[in-house]
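Topology and contacts: notes
Residue-level listing of the chains:
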Amino acid sequence: MSAYAAVVLAGGAARRLGGLDKPALPVGGVPMRERVLTAVADASPRILVGPGPAPPGVRLTRESPPGGGPVAATAAGLALLDADVPAVALLAADLPLLTRSAVGELLRHLDTPPAASSSAEPAASSSAPPADGVCFVDADGRRQSLCGVWRPAALRAALDRLTVRRGGLAGAALRELLADLAVRELTWPGDGPAPWFDCDTERDLRQAEEWSR
């Protein structure tokens, strides 16, 4: 799959960093949100959900209400996508080690049948239904849901179901949104630090700075 969009979520409170604008903090001299947006430079459109600012060529929107959480932010980002966009990368804005190759690996497996998902080349066909999304899992088997790619139609349907159940999306957990979706879990096959490494503390920032050299 070559055509895809990207939605980058940048509206968190960053409480463990004293409420700073965490995505704006630099790693290797570059703000983290710009590093993430660079990793999806070939996506169209690229959408930043948060207070901004957004770099040139990136659309900016805000979740409702502001600070309403990742599910509300996901809905705001999807609202700017055309109906025919086949895939969307849904990413946290504090992933300074994310790379284009990592995003490409996720996209490659979105249409790969399960039986072929660990092989070097995707199988041509399979009777198994396609996945609604693909995300990385860490060594402990924890899903890194904000380092994944998804079918927009599946996300929109999940948002509709969650809205009916809750009466709104503000404060909803991402796991609630994704609970009914068919998710393919992918281990990172590359060398070097994991692309889902996020920066919640000063220690995380120092570690990312060291790895980025």
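Quantities reported herein were computed from a predicted structural model and do not represent experimental measurements.

1. Observations regarding the sheet that holds strand S7 (residues 133–137)
- Reading across from one edge, S5-S4-S1-S6-S8-S7-S9 is the order of the 7 strands in this open sheet, with mixed pairing throughout. Each edge of the open sheet is held by one strand with a lone partner, namely strand S5 (59–61) and strand S9 (183–186). The sheet shows a mean angle of 25° between the axes of neighbouring strands, direction not considered.
- Of the strands in this sheet, strand S1 (5–9), strand S4 (46–49) and strand S6 (88–92) are in contact with helix H1 (residues 32–39), which crosses S4 at around 155°.

2. Some thoughts on the packing of helix H2 (residues 70–78) against helix H4 (residues 152–166)
- Packing of H2 against H4 leaves a shortest axis separation of 11 Å and a crossing angle of 130°. With respect to their mutual orientation, H2 and H4 come out oblique. The handedness of the crossing between H2 and H4 comes out as left-handed. Mapping the contact onto sequence places Val 71, Ala 75 and Leu 78 in H2 and Pro 152, Leu 155, Arg 156, Leu 159 and Leu 162 in H4.
- Broken down by class, the residue content of the contact of H2 with H4 amounts to 7 nonpolar, no polar and 1 charged.

3. Overview of the pairing of strand S8 (residues 143–150)
- Within S8, 6 of the 8 residues are buried, which leaves the element mostly enclosed by the surrounding structure.
- Summarising the sheet, S6 and S8 pair through 4 bridges and their orientation is antiparallel. Directly across from Val 88, in S8, lies its bridge partner Trp 150.
- Bridge count between S7 and S8: 5 bridges; the pairing is antiparallel. Across the sheet, residue Val 134 finds its bridge partner in S8, namely Val 149.
- Between the antiparallel neighbours S7 and S8 lie 5 residues, among them Gly 141 with a positive phi of about 80°.

Parameters and conventions
Residues numbered from 1 in each chain as written. Predicted model: local features only at pLDDT ≥ 70, side-chain atom pairs only at ≥ 80, totals over all residues. Heavy atoms only, no water. Pairing = 2+ DSSP bridges. Helix = DSSP H or I, 4+ residues; strand = E, 2+ residues; numbered from the N terminus. Axes fitted to C-alpha atoms, helices over the stretch in contact; angles between N-to-C directions. Contact = heavy atoms within 4.5 Å. Parallel < 35°, antiparallel > 145°, perpendicular 65-115°, else oblique. Left-handed = near helix turned anticlockwise from the far one by under 90°. Nonpolar A, V, L, I, M, F, W, Y, C, P; charged D, E, K, R; others polar. Buried < 20%, exposed > 50% of the residue type's maximum accessible area, 1.4 Å probe, protein only.

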